[in-house]
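Residues per chain, in single letters:
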Amino acid sequence: MSLQASCLDLMGRLAGVPNFEHFLDPALLLQLQANSNAIWETTPNDPVSQLWILFRLGTPLACILNSVRPPNQQQNIDNEDLSFANINTCKERVFHFIVACLQDLHFTHENVFTISELYHDNPQGFLKVLNTVSKVLDRLEASPNPGATAV
């Protein structure tokens, strides 16, 4: 499957994540693309650059993680704080996602991306990001009661 097809498929799956619809709003995605400092050429409505930029924010990853955590372990998410004004805050959110995948979801290191794989402009690294997010969504889809499953 091509990178673009993988992103389209993942966007369809993300539409089923509780509280994630805000992040898939076409106007928000276009705004994020316009305001990003991506060194690669982005095209409006390009699912690869949209997801890449979206995941670099960190907040959408926290929302995905919340979908498989019990309510008492969920992170507070500020849907209004969707900018790269403080890149260290974005990277901190990504770091928490990675740690939770390793510790709470018991993923192996081979199944989890690194911060540099997300922030470097390397499609191979981004494929690993997509695979990790897909594995979290597999957990969500296998859960009988999303957002309330002990992991």
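See the structure shown above.
Here's what I pulled together on the structure shown here. Every value quoted in this text rests on a predicted model; they were computed, and no experiment measured them. (Residues numbered from 1 in each chain as written. Predicted model: local features only at pLDDT ≥ 70, side-chain atom pairs only at ≥ 80, totals over all residues. Heavy atoms only, no water.)

**Regarding the overall build of the protein chain**
Each helix and strand in the protein chain was counted, giving seven helices and zero strands. When each of the 151 residues of the protein chain is scored for burial, the buried share is 44%. The contacts of the protein chain with a sequence gap of at least 6 include a subset with a gap of at least 24, amounting to 66%. Here the protein chain displays about 7,700 Å² of accessible surface, and carbon together with sulfur accounts for 50% of that area. (Helix = DSSP H or I, 4+ residues; strand = E, 2+ residues; numbered from the N terminus. Buried < 20%, exposed > 50% of the residue type's maximum accessible area, 1.4 Å probe, protein only. Contact = heavy atoms within 4.5 Å. Areas by Shrake-Rupley, 256 points an atom, 1.4 Å probe, with all protein chains shown as cover.)

**Let's talk about the side chain of Gln 50**
Along the chain, Gln 50 falls in helix H3 (residues 47–57). Look past the residues within four positions of Gln 50 in its chain and what remains in contact with it is Met 11, Leu 29, Gln 33 and Asn 45.

**As for the packing of aromatic side chains**
Counted by the stated rule, this structure contains four aromatic pairs. Both rings, one in Phe 55 and one in Phe 126, keep their centres 6.5 Å apart while their planes meet at 40°; by these two values the pair is tilted. Of the two residues, Phe 55 is situated in helix H3 and Phe 126 in helix H7 (residues 123–142); the sequence distance between them amounts to 71 residues. Here the two residues Phe 55 and Phe 126 agree in accessibility, since each one is buried. Summarising the aromatic geometry, the rings of Phe 97 and Phe 113 are spaced 5.9 Å apart at their centres and angled 25° between planes, so their arrangement reads as stacked. Within this pair, whereas Phe 97 is found in helix H5 (residues 87–103), its partner Phe 113 is found in the loop between H5 and helix H6 (115–119), the two being separated by 16 residues in sequence. When its relative accessible area of 1% is taken as the criterion, Phe 97 is described as buried. Of the residues examined, Phe 113 reaches a relative accessible area of 1% and is grouped as buried. Cluster of aromatic residues (ring-pair linked, three or more members): Trp 52, Phe 55 and Phe 126. Across the ring face of Tyr 119, the terminal group of Lys 91 is positioned such that the distance to the ring centre comes to 5.1 Å. (Phe/Tyr/Trp six-rings, centres within 6.5 Å; stacked < 30°, edge-to-face > 60°. Lys NZ or Arg CZ within 6 Å of the ring centre and 35° of its normal.)

**Some details on unusual backbone geometry**
One non-glycine residue with positive phi stands out, namely Asn 19, at about 70°. Looking at the element boundaries, Asn 19 is found in the loop between helix H1 (3–14) and helix H2 (26–35). Of note, the phi angle at His 106 is positive, near 60°, even though the residue is not glycine. The residue His 106 is located in the loop between H5 and H6 in this model.

**Regarding H7**
Here H7 contains 20 residues, and its C-alpha end-to-end distance of 28 Å stays within 8% of the 28 Å for a straight helix at 1.5 Å per residue. Regarding H7, the residues found buried are Gly 125, Phe 126, Val 129, Leu 130, Thr 132, Val 133, Ser 134, Val 136, Leu 137 and Leu 140. Buried residues in H7 make contact with H1, H3, helix H4 (59–66), H5 and H6. Where H7 begins, one side-chain oxygen reaches toward the backbone nitrogen of Gln 124, 2.8 Å away; that side chain belongs to Asn 122. (Expected span 1.5 Å × (residues − 1). Polar contact = N/O pair within 3.5 Å; in protein donor to acceptor, adjacent residues only side chain to side chain.)

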